[in-house]
Amino acid sequence: MANNIVDHPPGNSVAEGNHDGDFGVSMEDLKNIMELRSSEAVTMIQEKFGDVQSICRRLKTSPIEGLSGNPVDLEKRHATFGKNLIPPKKAKTFLQLVWEALQDVTLIILEVAAIISLGLSFYHPPGGDACGQAAGGVEDEGEAQAGWIEGAAILFSVIIVVLVTAFNDWSKEKQFRGLQSRIEQEQKFTVIRKGQVIQIPVAEIVVGDIAQIKYGDLLPADGILIQGNDLKIDESSLTGESDHVRKSLEKDPMLLSGTHVMEGSGRMVVSAVGLNSQTGIIFTLLGASEHDEEKKVKKSKKRKPGLCSKKTHSNVSSLCLFSTGLFMSAMTVIILILYFVINTFLVQNLSWVAECTPIYIQYFVKFFIIGVTVLVVAVPEGLPLAVTISLAYSVKKMMKDNNLVRHLDACETMGNATAICSDKTGTLTMNRMTVVQAYIGDTHYKTVPEPEAIKPETLEMLVNSISINSAYTTKILPPEKEGGLPRHVGNKTECALLGLVLGLKRDYQPIRDEIPEEMLYKVYTFNSSRKSMSTVLKNADGGFRMYSKGASEIVLRKCSHILDAQGQPRVFKMKDRDEMVRKVIEPMACDGLRTICVAYRDFPAEAGEPNWDNENDILDNLTCIVVVGIEDPVRPEVPEAIAKCQRAGIDVRMVTGDNINTARAIATKCGILQPGEEFLCLEGKEFNQQIRNDKGEVEQERLDKVWPKLRVLARSSPTDKHTLVKGIIDSTVGETRQVVAVTGDGTNDGPALKKADVGFAMGIAGTDVAKEASDIILTDDNFTSIVKAVMWGRNVYDSISKFLQFQLTVNVVAVIVAFTGACITQDSPLKAVQMLWVNLIMDTLASLALATEPPTESLLLRRPYGRDKPLISRTMMKNILGHAVFQLIIIFTLLFAGEVLFDIDSGRNAPLHSPPSEHYTIVFNVFVMMQLFNEINARKIHGERNVFEGIYRNPIFCSVVLGTFALQIIIVQFGGKPFSCTALTIDQWLWCIFIGIGELLWGQVSLFPVKSDCVGGGGRCGGKKGLLRAAVMFPSQPLPWQLLLHMKAVSNKV
């Protein structure tokens, strides 16, 4: 028999089997079989077991009824054959993350310098005067004895930095593992238990389960084929061979986990799961070299990416900030040392005395710490954290909006999308199909006809054809709630046809019971090239009957006869077909209906058995039974969603396999096509004619003339979809390069989903192959969820841009103040511990505040950012430089005239171990107050005046600002020597706050217009992976490499 089935005895061996006894086959036996291929495997099965049926008996399962689902039996199978789980790599402990955080070069330098400073602070030379000013200047002996506090405070600050960094890494690791767990829970597979077809989580599959496999599945376990229809498997993930392997009982029944079903359907008995499957064995082998890989990763972490290699317009300054900071840090140390040496040994004319050496070294260490402080503040360490917080926050929220994000960078990229190529069925429409028109017996019925209106012979043929020539897994079940709609399970088009059978007051199930799947002689399953499905039955007289269904114009082209009003076949000529297309199919399609033709063909016994492999001859000379019009209503929320996309500057294109008239009608209802606009609607054939040259090669120049106006591509193949997506992405016409999002549900959509900047797979109708190739899974298959993804993507980009604007302002001001102050006053106005507070606490809190702003509808009122624009826009650069200039003027005024303005003692040129001064405390406090109020300014990056708009919608931001202010009060009033602060009076505090509020006023003054450097005035731009790349470019605190590798591992595993 051509459809590959095994005989099986009556009865259910599951229910009757004695599960207390041992299984008749060991795990090693099954593993040995699964390592064989093709004829070798068939021979081994025959020699060792007899046949596949014998293996089923030994595993105590029934090929028809499956397992009983008895918990005791399932537990025993877990114990004997293992669970269908591949244990994830063990998470790093908190102590390991602490150790990794300690590897940061800047922190190591600070630690060493602090330890040296701490050790030398306990040394006091016997003759202080001999060391000149270096040893003098302290107010009292107690202050000199407290010199150790600065070194201890730096060490304590480093410990805080390390603990916070480790905690951030730990929380990020936890979030990503939670995401991985969520994705794994979403994966389910179809098995037969107690004779019922059910879906269970992949992790619950056990050896002995009877699994149903179909086109598009990703096999979750190893198995042996029991019954197959036209089954072809892509084993390239395991073997590297790209050719699809045909599976059959006679030639190659071995099915391997991790492989994809590209065509056909069937059933298999699960023979190996988890670590014992072929995929699991490979994972085990990879695990053996894991230690070596970790060493390589550690080495790669030491090699920083080229700091100035990505020079794009106005973001050169940000990407090269570390290099600038390193240069200024070195210059600071050199200038301080030279000034000290010249002043001490030339101006004061002192000689180097041995007992003064520790004092001099303390000064050199102090200068070194100042230099490291400049380096620390030069690098925006909070940027990677802001990226991670924003992405993690968005991913979590996007799950509630039916977007399951598999690749994190897809969040950011979606905000830049300029084009969306969408499927029609299920995405733009409800995917609840109903037959509403029919042409049968030479009559066009505008509603489903009564069964009495159809000849009994024709009705019988129609009901049998639909019942048998549909996947037996497709069913219509009673509604879950009384008064609800019947549940459609399986292929929605087939559900519509089965609904027609029920509407004709007939039942399909008795026919399927009479002709079970095992009796189907040959099945030509649906695929994108056939666009039809055919099933062959063997008649009692030795002849064959084949039922077919598919796209009406394709199946009608193969029809030579049609059933007339009397139920008799009559000749169906080309002119008859053209007339039917004109009078029946086109009017149906213009009403937005999908047209399906149902036909049959008889093969007489006397002609002998046909060559079933010759499809062109087999699928010909058909007799048309009926042409039906299937309605799939447009989702009511889709037209508004598409209008939002168009307002946001995103072009929506429909790419479908349907008839062009159907596609045009649906596109008009959705709003993709607007009346009076000159847009193209093409069929796949015409599309290829316009974009290919005489040699059949795609030319980008030709494609560039088509895609800008193309809105509907009908009767398209997956190759057409991939060609269109690739052409739009590669195109250089227009103001900006295109960023393309694509939706897909079929196995052959995989290449287009992978090629797209963002690939959306359907969570309900999508195949496992499509989901694996995608970046985001739409759990509700709804186009409106894509619009929400656009909104979240833009919000991610905006949030990080806000933080970047704030952070770079802090860094620019702090570097210049520390460098200039150190060179002029021989000391940094902002001490090392103070800068660690600003750099760590304010970075961490600011990233939390600015990276968690919720999205608003206003994000969809501007055009996309484009692919190749700079990360920092002109508006952002103006804000950064404008606020930096304002802050520098204030800080330098206070630094060099603050003692006069506040009538206090000067803090400049203070000797070693001198007590904290009010002067420098005010400078530090004003600096922090200005950053605090500039954080409010940073909430708006497009020149908006009302910076407080929506502030109460973000309680995290309000909490961070108030919390930072409270901590600053504690540090200034009670920080003392460790923070180099002295308590301020109420008047001084009010002046500090007043100067800080000046930041808000300056922000309003500086809002002069700037020519936009983005399409539509977006104000900031970036392409795929832009922010992640930019984050990695700052190497002081790079986005943790172990996290990036883990993200990649999660994506690959999913």
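Residues numbered from 1 in each chain as written. Predicted model: local features only at pLDDT ≥ 70, side-chain atom pairs only at ≥ 80, totals over all residues. Heavy atoms only, no water.

Draft legend 1. Representation of the overall build of the chain in the model. Helix and strand content of the chain: 38 helices and 26 strands. For the chain, the computed accessible surface area is about 43600 Å², with 58% contributed by carbon and sulfur atoms. (Helix = DSSP H or I, 4+ residues; strand = E, 2+ residues; numbered from the N terminus. Areas by Shrake-Rupley, 256 points an atom, 1.4 Å probe, with all protein chains shown as cover.)

Draft legend 2. Layout of the confidence of the model for the chain. Summary statistics for the chain give a mean pLDDT of 79 and a share of 83% for residues scoring 70 or more. Ignoring residues within four places in sequence, the model shows residues 1010-1054, a span with pLDDT below 50, making 139 contacts including any to other chains. (pLDDT = per-residue confidence, 0-100. Contact = heavy atoms within 4.5 Å.)

Draft legend 3. The nonpolar core, seen in detail. Membership of the largest hydrophobic core comes to 52 residues, with the highest contact counts inside it found for Met-414, Phe-760 and Phe-783. No other element matches helix α31 (residues 783-825), which puts nine residues into this core. By size, the runner-up hydrophobic cluster in this structure holds 46 residues, among which are Ala-386, Ala-884, Phe-957 and Trp-989. (Core = buried A, V, L, I, M, F, W, Y, C linked by side-chain atoms within 4.5 Å. Buried < 20%, exposed > 50% of the residue type's maximum accessible area, 1.4 Å probe, protein only.)

Draft legend 4. Highlighting a nonpolar patch on the surface. On the surface, a cluster of nonpolar side chains totalling about 460 Å² of accessible area is made up of Phe-94, Ile-159, Leu-163, Phe-167 and Trp-170. The element that contributes the greatest number of residues to the nonpolar patch is helix α9 (residues 148-186), accounting for four residues. One can find Phe-94 in helix α6 (residues 94-101). We classify Phe-94 as partly exposed; its relative accessible area is 33%. (Patch = residues over 30% accessible without salt bridge, like charges linked within 9 Å, V, L, I, M, F, W, Y side chains within 5 Å. Salt bridge = Lys/Arg side-chain N within 4 Å of Asp/Glu carboxyl O.)

Draft legend 5. Expanded view of the packing of helix α22 (residues 574-590) against helix α25 (residues 660-670). Remark: α22 packs on α25, axes separated minimally by 7 Å, with the N-to-C direction vectors making an angle of 20°. As far as their axial angle goes, α25 and α22 are roughly parallel. Crossing of α22 over α25 shows right-handed handedness. Each of Glu-586, Ala-589 and Cys-590 in α22 lies in contact with α25, whose residues at this interface are Asn-661, Thr-662 and Ala-665. Split by residue class, the contact of α22 with α25 holds three nonpolar, two polar and one charged. (Axes fitted to C-alpha atoms, helices over the stretch in contact; angles between N-to-C directions. Parallel < 35°, antiparallel > 145°, perpendicular 65-115°, else oblique. Left-handed = near helix turned anticlockwise from the far one by under 90°. Nonpolar A, V, L, I, M, F, W, Y, C, P; charged D, E, K, R; others polar.)

Draft legend 6. Quick look at the pattern of salt bridges. Counted by the stated rule, this structure contains 24 salt bridges. For the salt bridge of Glu-579 with Lys-583, the shortest nitrogen-to-oxygen distance reads 2.9 Å. Note that Glu-579 and Lys-583 are positioned in helix α22 at a spacing of four residues, about one turn of the helix. Taken together, the shared-partner salt bridges connect Glu-235, Lys-247 and Asp-252 into one network.

Draft legend 7. Quick peek at unusual backbone geometry. Phi angles above zero are rare outside glycine, and Lys-194 is one such case at about 55°. You can see Lys-194 is positioned in the loop between β1 (188-193) and β2 (196-201). In this model, Asp-781 sits at a positive phi of 55°, which is unusual for a non-glycine residue. The topology assignment puts Asp-781 in the loop between β26 (776-778) and α31. What makes Asp-781 buried here is its relative accessible area of 2%.

Draft legend 8. Seen up close, the environment of Ser-873. The residue Ser-873 is located in the loop between α32 (832-850) and α33 (874-901) in this model. For the pair Ser-873 and His-942, spaced 69 residues apart in sequence, the C-alpha to C-alpha distance is 9.4 Å.

Draft legend 9. Seen up close, the UniProt feature "transmembrane region" (unreviewed entry) in the chain. In the numbering used here, UniProt assigns the feature "transmembrane region" (unreviewed entry) to residues 105-125, 145-167, 319-342, 367-393, 880-898, 918-936 and 956-976. Within residues 880-898, the helical portion is 100% and the strand portion 0%, while the C-alpha atoms at the span's ends are 25 Å from each other. Span residues 956-976 is 90% helix and 0% strand, its end C-alpha atoms 30 Å apart. (UniProt positions renumbered as here; feature names shortened; annotations may be inferred.)

Draft legend 10. View of the pairing of strand β17 (residues 559-563). Within β17, four of the five residues are buried, leaving the element largely enclosed by the surrounding structure. Pairing between β17 and strand β20 (residues 622-631): three bridges, direction parallel. Bridging from a neighbouring strand, His-561 pairs with Thr-623 of β20. In the sheet, β17 pairs with strand β18 (residues 569-571) via three bridges, with the strands oriented antiparallel. (Pairing = 2+ DSSP bridges.)

Draft legend 11. Up close: the packing of aromatic side chains. In the structure shown here, the tally under the stated rule is 12 aromatic pairs. Between Phe-340 and Phe-364, the aromatic rings sit 5.7 Å apart at their centres with planes inclined by 85°, giving edge-to-face as the arrangement. With Phe-340 in helix α14 (residues 321-347) and Phe-364 in helix α15 (residues 357-378), this pair connects stretches of sequence that are 24 residues apart. With a relative accessible area of 8%, Phe-340 lands in the buried category. Measuring from ring centre to ring centre gives 5.8 Å for Trp-991 and Phe-994, while their planes differ by 90°; the resulting arrangement is edge-to-face. Of this pair, Trp-991 and Phe-994 both sit in helix α36 (residues 986-1005), three residues apart, roughly one helical turn. (Phe/Tyr/Trp six-rings, centres within 6.5 Å; stacked < 30°, edge-to-face > 60°.)

Draft legend 12. Layout of the sheet that holds strand β23 (residues 710-714). Taken in spatial order, the eight strands line up as β8-β26-β25-β24-β9-β21-β23-β22 in an open sheet, and their pairing is mixed. Edge positions in the sheet fall to β8 (403-405) and β22 (680-683), since each of these pairs with one other strand and no more. Strand-to-strand twist of the sheet, defined as the mean angle between neighbouring strand axes without regard to direction, takes the value 20°. Relative to β26, β8 runs antiparallel, the two sharing three bridges. Among the inter-strand pairings, Asn-403 is bridged to a residue of β26, identified as Leu-778.

Draft legend 13. Seen up close, helix α5 (residues 71-81). Here α5 has its buried residues at Asp-73, Leu-74, Arg-77, His-78 and Phe-81. Buried residues along α5 cover an arc of 145° about the axis, so they all sit on one side. Along α5, exposed side chains directed more than 90 degrees from the buried face belong to Pro-71, Val-72 and Ala-79. Between a side-chain oxygen at the N-terminus of α5 and the backbone nitrogen of Val-72 the separation is 2.9 Å; the capping residue is Asn-70. Among the residues trailing α5, Gly-82 stands out with phi positive, at a value near 90°. (Arc of directions from axis to C-beta. Polar contact = N/O pair within 3.5 Å; in protein donor to acceptor, adjacent residues only side chain to side chain.)

Draft legend 14. Region of interest: the pairing of strand β21 (residues 651-655). Taking burial as the measure, the five residues of β21 include four buried ones, the bulk of the element. Sheet analysis places strand β9 (residues 419-422) next to β21, joined by four bridges and oriented parallel. Within β21, the residue paired with Ile-420 across the bridge is Val-652. Where β21 lies against β23, two bridges are found, and the strand directions are parallel. Within the sheet, the bridge partner assigned to Val-655 lies in β23 and is Leu-713.

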